[in-house]
Amino acid sequence: MAIWQESFEHAQLSDVGMRRRNNQDSLGMVLAADENIWHARGHVLMVADGMGAHAAGELASKIAVDTVPHLYLKLRDLPPGEALERAIIEANSEVHRRGQANPEFHNMGTTSSVLAILPDAAWIAHIGDSRVYRLRGDCLEQLTFDHSLVWEARRDNNWPAGIDPTHALPRNVITRSLGPNAQIVVDVEGPFPVEPGDTFLLCSDGLTGALTDEELAPILAHLPAEEAAAVLVDLANLRGGPDNITVLVGRVLPAWRQKAGATPEAARRVTPPRADVHPAVWVGAGVCFLAAVGLLIARQPWLAGIGAVLGTLVAGLGWAFRGGGARTNDKAGAPNRTSKAPYTRTSCSNATQFLQKLSTLTAELRSAAVEASLDVGALDQACRQAAEAGRTGQTAQALRLYARSISSVMNEFRRRKHEANDSVVDL
Ligand code: CA
């Protein structure tokens, strides 16, 4: 495997959940095929959560993930942020057109959150309430704004004091999506400097409706990508799995920087674009130079010299402190119109409470496993070790042991369910 792929650890899972018959979520993970593409477009990760009757939601999310990464990779002439935005707008036209053309798919829609991770910078384009998070160190940040009734009410502050819209409004009503309308507004977030250790999570609300940010953070911090994705889905299912659950985890490894030359300094260079020199500076400098020429003609060489020096000084200072003019089109990314990320910040430095929850959950899972006549010897041993690790302050070790135990038992349940389904088909 090439280094730009090796330096990126990743995992993806999409699960129907415990209550729904169909999975209307779709995901996309397109790793850069070669080094040039990695530098120009990066790795692309996407989640889409479809909505609509019958198969419409599935179709809408599938069109979105089939269209957006593909178009983004094709739009090589545009900076990454703009290309992502354009790709979502074009996917919207396609989903909208198909929705209008067929009464069964009328008003179908989907959320769309897409992340491009280039060597130096990451960009996001987003619509709906699927989410993109970044964990850096022990801080989990939500980099996307939920286009939901709850978030809009909280932002606009149009809610009676003392009442939390999170509890008073339905949580699953979204205010923007891809598909139902001919025109859409897409949030473009970034550029976010990329550093080794950065762990990105993209997910649908089937995950975030079941787990809090305080629970997501330690899992992302302490588990390899694949184990993190597995236990996130398992935990959402253990909490009832009322919705489809989709999770993509991408982690930037130390080799990323060696290959990218993406030192923190280099990464910072892509953050806010500098502005052009203010036009007044050029006018001032021009007047000085014209005066110098005039004075030269009038045979005043000393004064002409002073005028020329003044002109040079004005132009030089204007260039050094440029900032008041029109902003340049940042070729490293795109005009940064809407990015206000991060929208939330959560620390994962204290995971003790979460370990207690995991201990309770594994005990409940053990009861279910005993009832289903599963062997719980390995589970008991892992839980004893996890409890001991928790007591001695080895949080990461305790978390890994609980997570592996949960995923192992859930896998066994899944295996049995599939076997049962197969036997029904065979009969
Ligand atoms: Ca959903």
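In this text, all values refer to a predicted model and were calculated from it rather than measured experimentally.

**Digging into the overall build of the protein**
Within the protein one finds 16 helices and twelve strands. Within the protein, the fraction of its 427 residues that count as buried is 48%. Contacts in the protein between residues far apart in sequence, at least 24 positions, make up 75% of those at least 6 positions apart. Of the roughly 20700 Å² of accessible surface on the protein, a fraction of 55% belongs to carbon and sulfur atoms.

**Considering the environment of Y402**
Summarising the element assignment, Y402 is placed in helix α16 (residues 395–426). Judged by its relative accessible area of 5%, Y402 is buried. Sequence separation between Y402 and C383 is 19 residues; the distance between their C-alpha atoms is 6.5 Å.

**Some remarks on the confidence of the model for the protein**
Averaged over all residues, the pLDDT of the protein equals 87, while 86% of them reach at least 70. Taken as a whole, residues 262–276 scores under 50 in pLDDT and shows 36 contacts with residues more than four places along the chain or in a different chain. Confidence drops under pLDDT 50 across residues 323–331; counting only partners more than four residues distant or on other chains, this segment forms 21 contacts.

**Remarks on the coordination of the calcium ion**
Here the calcium ion is held by D49 (OD), D49 (OD), D205 (OD) and D243 (OD), and the distances to it run 2.3 to 3.1 Å. Spacing between the donor residues of the calcium ion along their common chain follows D-x155-D-x37-D. Note that D49 is positioned in strand β3 (residues 43–51) and D205 in helix α7 (residues 205–208), a separation of 156 residues in sequence.

**Observations regarding unusual backbone geometry**
In this model, G190 is joined to P191 through a cis peptide bond whose omega is 5°. With respect to the secondary-structure elements, P191 resides in strand β9 (residues 187–193). Note the cis peptide between A341 and P342, where omega equals 5°. Tracing the backbone shows P342 in the loop between α13 (301–320) and β12 (344–347). Positive phi values are uncommon outside glycine, yet N107 reaches one of about 70°.

**A short note on the nonpolar core**
By size, the foremost hydrophobic cluster in this structure holds 46 residues, and its most contacted members are L201, L207, L211, I219, L232, L235 and V247. Listing elements by their share of this core, those giving two or more residues are β7 (131–136), β10 (199–203), α8 (213–222), α9 (225–238), β11 (245–252), α14 (352–371), α15 (377–391) and α16. Residues within four places of V247 in sequence aside, it is in contact with A11, Q12, L13, L201, L202, L207, A229, L232 and V233. Grouped together as the second largest cluster of nonpolar side chains are 33 residues, L59, A64, I88 and L178 included.

**With respect to the packing of α14 against α15**
At a minimum axis separation of 11 Å, α14 and α15 run at an interaxial angle of 165°. One way to sum up the angle between α14 and α15 is to call them roughly antiparallel. The handedness of the crossing between α14 and α15 comes out as left-handed. Taken together, the residues of α15 that come into contact with α14 (itself represented by L355, T362 and R366) are L379, D380, C383 and G390.

**Notes on the pairing of β9**
Burial of β9 is extensive: seven of the seven residues sit out of reach of the surface. Pairing of strand β6 (residues 121–127) with β9 involves five bridges; the strand directions are antiparallel. When the sheet's bridge partners are listed, H126 is paired in β9 with D187.

**A few points about the packing of aromatic side chains**
Evaluated as defined, the whole model comprises four aromatic pairs. A centroid spacing of 5.6 Å and a plane angle of 75° characterise the contact between F145 and Y343, whose relative ring orientation is edge-to-face. Of the two residues, F145 sits in the loop between β8 (139–142) and α5 (149–156) while Y343 sits in the loop between α13 and β12, which places them 198 residues apart along the sequence. Owing to a relative accessible area of 8%, F145 belongs among the buried residues under this scheme. Residue Y343 is classed as partly exposed on the basis of its relative accessible area, which comes to 25%. Feature note: the residues F8, W38 and W256 constitute an aromatic cluster, connected by ring pairs.

**With respect to a nonpolar patch on the surface**
Together, L303, I306, L310 and L313 give the surface a local cluster of nonpolar side chains, amounting to about 370 Å² of exposed area. As for its position among the elements, I306 is in helix α13.

**Observations regarding α9**
Turn by turn, an α-helix covers 3.6 residues, leaving residues three or four places apart pointing in a common direction. Look at α9: 20 Å from first C-alpha to last across 14 residues, which is about the 20 Å you get at 1.5 Å a residue. Here α9 lies mainly inside the structure; ten of its 14 residues are buried. Within α9, burial applies to A225, A228, A229, V231, L232, V233, D234, L235, A236 and N237. Of the residues one or two after α9, G240 is the one with positive phi, at around 110°.

**Examining the pairing of strand β5 (residues 112–117)**
With respect to burial, β5 is a largely interior element, six of its six residues being buried. Burial along β5 is two-sided: S112, V114 and A116 and S113, L115 and I117, pointing in opposite directions, are all buried. Bridge count between β3 and β5: five bridges; the pairing is antiparallel. Across the sheet, V47 pairs through a bridge with S113, a residue of β5. When β5 meets β6, the two strands line up antiparallel, connected through six bridges. Considered in β6, the bridge of I117 is made with A122.

Quick notes on the rules
Residues numbered from 1 in each chain as written. Predicted model: local features only at pLDDT ≥ 70, side-chain atom pairs only at ≥ 80, totals over all residues. Heavy atoms only, no water. Helix = DSSP H or I, 4+ residues; strand = E, 2+ residues; numbered from the N terminus. Buried < 20%, exposed > 50% of the residue type's maximum accessible area, 1.4 Å probe, protein only. Contact = heavy atoms within 4.5 Å. Areas by Shrake-Rupley, 256 points an atom, 1.4 Å probe, with all protein chains shown as cover. pLDDT = per-residue confidence, 0-100. Donors = N, O, S within 2.8 Å, 3.2 Å for Na, K, Ca; no water. Core = buried A, V, L, I, M, F, W, Y, C linked by side-chain atoms within 4.5 Å. Axes fitted to C-alpha atoms, helices over the stretch in contact; angles between N-to-C directions. Parallel < 35°, antiparallel > 145°, perpendicular 65-115°, else oblique. Left-handed = near helix turned anticlockwise from the far one by under 90°. Pairing = 2+ DSSP bridges. Phe/Tyr/Trp six-rings, centres within 6.5 Å; stacked < 30°, edge-to-face > 60°. Patch = residues over 30% accessible without salt bridge, like charges linked within 9 Å, V, L, I, M, F, W, Y side chains within 5 Å. Salt bridge = Lys/Arg side-chain N within 4 Å of Asp/Glu carboxyl O. Expected span 1.5 Å × (residues − 1).

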